Amino acid sequence: MIQHHGLRKHPATRPRQQAVRCLCILVLLCLSPVARSDDAKEIQFFRDKIEPVLKAECYSCHSHTAKDVQGGLLLDSRAAVLKGGETGPAAVPNKPAESLLIQALRHEGGLAMPPDKPKLPEATIADFIRWVDKGVVDPRQGEKVEADPSGVKAARNHWAFQLLQPAIPPIVSEANWPRSPIDTFVLAKLEAAQLPHTAEASRVELIRRVTFDLTGLPPEADDIDTFVADTSPDAYERVVDRLLGSWQYGERWAQHWLDVVRFAETEGYEYDRTIPDAWRYRDYVIDSLNQDKPFDRFLAEQIAGDEIDPKDHACLTASIFHRLGPVRRNAGNPDIALSRNEVLTERTDILGAVFLGLTVGCARCHNHKLEPVTQKDYYRLQAYLAATDERNLVLADTATQHEWEATTKRIRDEMAALQKQTRLLAGAERVRLADMIEVLEDQLPPPLAMIPGTQNNFDKRTAIHVLRRGVWEKKGEPVGPRPPSVLIPDDVPELKADSTDPRSQLATWLNRTDPPLTQRVLVNRLWQHHFGMGLVKTANDFGLKGDRPSHPELLDWLTQTFLESDRRWKPMHRAMVLSQTYRQSSRSNHSLAERIDPENRLLSRSNRRRLSAEELRDAMLAASGRLNQKQGGSSVIVPVDKELVQLLYKPSQWQVTPDVREHDRRSIYLIAKRNLRLPFLENLDAPTLQNSCARRDSSTHAPQALELLNGNLSNGLAKSFAARLQTFAGGDQERLVTLAFQWTVGRSPNPTERQRSLEFLRDEPLNEFALAMFNLNEFLYVP
């Protein structure tokens, strides 16, 4: 071999230089796994035994020719085999027992190759074991190793991942219609489609629409009359500013945010334990919106409030965000550790849905099948939360805490003694002691006032690995915190796993604007609640398979305006509801628009919508005169059917608030319990509280009519409404009918309505008339 490479033919004139060079070549050749003479038969073995199997069984999923590379693993070169995929190297030379490829061929450790097929013959597996044991000899050098398994690099061209582009309002033919650039963008699309816009809504319709949209309550009759009579050019602007400055604005818009973060005050699953004082998060959101807190601060406080200022109660309350997901408590025993994997999964998934508008949760077990999110990306995002732990900050003074602890210890000691006795008993006596234990448990003092927030516990920091198939016990490659690859350059490194402020760094990255994905997602949410549908219809999915924006330039213009407004919500609300697009009537006689744009994506008219469950309940309370507008504080538990309470694991969890005046508070203050949703709200499409709700459904089904006509709530409020009408109208039936219409639909009845109402009242009780008013479409829907 040496003679073959000419080592004896070097000229004598440069003996030292050539000798050194030849020795280097000799060393390299001897070290090369494909050039050693003793590898020749191994190379042939690879060609005969290994390569045909790889091509036949593996290349369809694990080669550069694969349509969808699985697990980030390539097997079409030696370098790729040694590099491996998301779970680590496929083969460790000379160590078949440590090689994932061998485990997969043997169908061990939860791995299986080829998938969905029987194991390969034992002789074939033995060939692979020999191949690895001999050093993974493989002549396929020089082939590309890098892959783009989830299309990350190509996906960086996706519209949602781009920087903001200067959005210049287009030129339109009907130049006198737009009131703002919003209208110009909308009108340009309408003109291109040759669709007409509708006329402006009536003043009664407009104030009813904007009042519900901004506060979730109907306008007062006096406010309607004042606005209708006010002909000044800025009359509507002053109405909008008044509504944005009201406390009720925060209550209404907090509900939208609570839907997205799947706010609940209990942990779900079988035991559905209460999270003590979780209502403080609800009040934090209301307060933040009423203060018009900049969104970057609002985001940072929820992601990392305890890191930002661990002594500030508002920041600690914001960190309850991480406690809002369902939690499985083993056997209902709070002393047993949480299932850490499930907790981290919940906390990771919600970050993607709420702030990024991406379905990152689908990458927990494998690369996302539809989006450019790898499994490694998922666990890198999770790594920001590795040290995040629960922290219940008790707000009571020391003496109160000691008294509470002593009482709790006494009762728990009695319970433990009885539990010890039950192990020795059976039959009726055992049942009797079990009942005594349950009685004692109900005597435990209620939790002290606290903030159920989060903190970093670095001593118990979870080491984050890529988990094979998402299974906690099957740990692969360790990873550190890093944003999703599609949103950052390739050379951005992972943070150190033990970074002292990981969530603050995550919040800082989320608030960046290169690209402004987080800001686009938020602006789209605001638009959705004013116009009935987002510019991007899939508000929680801005990925490749999500909806494309109907007006991309408008979305960028709104996002830029949002950034220039210090990321505050109220200027965006103001711009949207003052636009001519928002002021359009929902009535349209244009069949062309219905045919060309049945979803009204081009906004040729306003979208009529049914009141949400909370709006409808609050509107009935307002009409009846019973609405209690007390602000903030503990959540209210209202009476429900006993049969529903008995379905709970512990019916004692549903302790009805004793002060009946509290039962008439706004719906946002009713307890959000996962395992017992209020029937009235559930019937009218209130979300399940299990997952992020980007946009509520608006269904129509028989139980809704039954609830509104026969339900305890609607009939009880109708009775109160009737009593109020009787008080104000006395015996004047004409005045009673007028007040009924003004307090429900915001206008006086027309002659036909008045006549029919009076005829109805001659034959039917006033309670029935009041209930009928609650069932009018005009009451149930915003025009």
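Residues numbered from 1 in each chain as written. Predicted model: local features only at pLDDT ≥ 70, side-chain atom pairs only at ≥ 80, totals over all residues. Heavy atoms only, no water.

Account for the overall build of the protein chain, naming residues and giving values.
Helix and strand content of the protein chain: 33 helices and six strands. For the C-alpha atoms alone, the extent of the protein chain along its principal axes is close to 125 × 85 × 50 Å. Looking at the protein chain residue by residue over its 783 residues, the buried ones come to 52%. Put simply, of all contacts in the protein chain between residues at least 6 apart along the chain, 70% involve residues at least 24 apart. On the protein chain, roughly 36300 Å² of surface is accessible, and the fraction owed to carbon and sulfur atoms is 52%. Averaging the coordinates of the 102 positive side-chain charges in the protein chain and doing the same for the 105 negative ones gives two points 6 Å apart. (Helix = DSSP H or I, 4+ residues; strand = E, 2+ residues; numbered from the N terminus. Buried < 20%, exposed > 50% of the residue type's maximum accessible area, 1.4 Å probe, protein only. Contact = heavy atoms within 4.5 Å. Areas by Shrake-Rupley, 256 points an atom, 1.4 Å probe, with all protein chains shown as cover. Lys, Arg positive; Asp, Glu negative; His and termini not counted. Charge placed at Lys NZ, Arg CZ, Asp CG, Glu CD.)

Give a description of the environment of Trp743 that names residues and reports values.
Topologically, Trp743 is positioned in helix H30 (residues 733-745). It is 8.6 Å that separates the C-alpha atoms of Trp743 and Pro218, two residues lying 525 residues apart in sequence.

Go over helix H13 (residues 295-308) with me, naming the residues and quoting the values.
If you check H13, its first and last C-alpha atoms are just 15 Å apart, much less than what 14 residues at 1.5 Å a residue would give, namely 20 Å. At Gln302, H13 shows its strongest bend, of approximately 70°. Counting buried positions along H13 gives 11 out of 14 residues, so the element sits mostly inside the fold. Those residues of H13 not exposed but buried are Phe295, Phe298, Leu299, Ala300, Glu301, Gln302, Ile303, Ala304, Gly305, Asp306 and Glu307. (Expected span 1.5 Å × (residues − 1). Bend = angle between axes of the 7 residues up to and from the residue.)

Explain unusual backbone geometry to me, and be specific about the residues and the numbers.
In the segment running from Met113 into Pro114, the intervening peptide bond is cis, with an omega of -10°. With respect to the helices and strands, Pro114 occurs in the loop between helix H4 (100-105) and helix H5 (122-133). Here the residue pair Asp514 and Pro515 is connected by a cis peptide bond, since its omega of 5° sits within 30 degrees of zero. As for its placement among the helices and strands, Pro515 is situated in the loop between helix H19 (502-510) and helix H20 (517-531). In the Ramachandran plot, Arg469 falls in the positive-phi region, its phi being about 60° despite a non-glycine side chain. Mapped onto the secondary structure, Arg469 falls in the loop between strand S3 (465-467) and strand S4 (475-478). Even without being glycine, Asn600 reaches a positive phi, approximately 60°. Locating Asn600 in the fold gives a position in the loop between helix H24 (591-596) and strand S5 (609-610). Under the relative-accessibility criterion, Asn600 is labelled buried at 3%.

Quick one: what's the story with the nonpolar core, residue by residue and with numbers?
Trp257, Tyr281, Ile303, Phe355 and Leu558 are the most contacted members of the largest nonpolar core, which has 105 residues in total. Considering each element in turn, this core owes the most residues, seven residues, to H20. Beyond its immediate chain neighbours, meaning those up to four positions away, Phe355 contacts Trp257, Phe295, Leu299, Ile303, Phe321, Ile350, Leu510, Thr518 and Val521. (Core = buried A, V, L, I, M, F, W, Y, C linked by side-chain atoms within 4.5 Å.)

I'd like a rundown of empty space enclosed by the protein, residues and numbers included.
Inspection of every chain in the model, using the stated rule, returns 15 cavities of 30 Å³ or more. Of the volumes computed, that of the largest cavity is approximately 300 Å³. Secondary structure elements with two or more residues in the lining of the largest cavity: helix H11 (247-260) and helix H27 (679-683). Per element, the largest residue contribution to the lining of the largest cavity is three residues, and it comes from H11. In this structure, the second largest cavity is lined by 13 residues; those nearest its centre are Arg209, His530, Phe531, Ser606 and Asn607. Of all the secondary-structure elements, those providing two or more residues to the lining of the second largest cavity are helix H8 (203-215), H20 and helix H23 (580-583). Counting residues per element, the lining of the second largest cavity draws most heavily on H20, at three residues. Of the residues assigned to the lining of the second largest cavity, the class counts are four nonpolar, six polar and three charged. (1 Å grid on protein atoms, 1.4 Å probe; cavity = no way out; pocket = protein on both sides within 12 Å on 5 of 7 lines; lining within 4 Å. Points joined across faces, edges and corners; volume = space filled by probe spheres on them. Nonpolar A, V, L, I, M, F, W, Y, C, P; charged D, E, K, R; others polar.)

Could you give an account of the packing of helix H28 (residues 702-710) against helix H29 (residues 712-729), naming the residues involved and the relevant values?
Here H28 crosses H29 at 35°, and the two axes come no closer than 5 Å. Considering how the two elements wind past one another, H28 and H29 form a crossing that is right-handed. Mapping the contact onto sequence places Glu707, Leu708, Leu709 and Asn710 in H28 and Asn712, Ser714 and Asn715 in H29. Of the residues contributing to the contact of H28 with H29, the split by class is two nonpolar, four polar and one charged. (Axes fitted to C-alpha atoms, helices over the stretch in contact; angles between N-to-C directions. Left-handed = near helix turned anticlockwise from the far one by under 90°.)

Please provide a residue-by-residue account of the pattern of salt bridges, values included.
It is possible for side chains of opposite charge to pair when their charged atoms get near one another. Scanning the model with the defined rule gives 53 salt bridges in all. A salt bridge links Glu414 to Arg410, with the shortest nitrogen-to-oxygen separation between them at 3.3 Å. One end of the pair is Glu414 and the other is Arg410, both in helix H17 (residues 398-422) and four residues apart, which spans about a single turn. Judged by relative accessible area, Arg410 falls into the partly exposed class, the value being 46%. Taking the shortest distance from any N to any O, the salt bridge between Asp618 and Arg666 comes out at 3.2 Å. One end of the pair, Asp618, is in helix H25 (residues 613-624); the other, Arg666, is in the loop between helix H26 (642-646) and H27, and 48 residues separate them in sequence. Residue Asp618 shares its accessibility class with Arg666, and that shared class is buried. What emerges from the salt-bridge pattern is a single network uniting Asp213, Arg252, Arg609 and Glu615. (Salt bridge = Lys/Arg side-chain N within 4 Å of Asp/Glu carboxyl O.)

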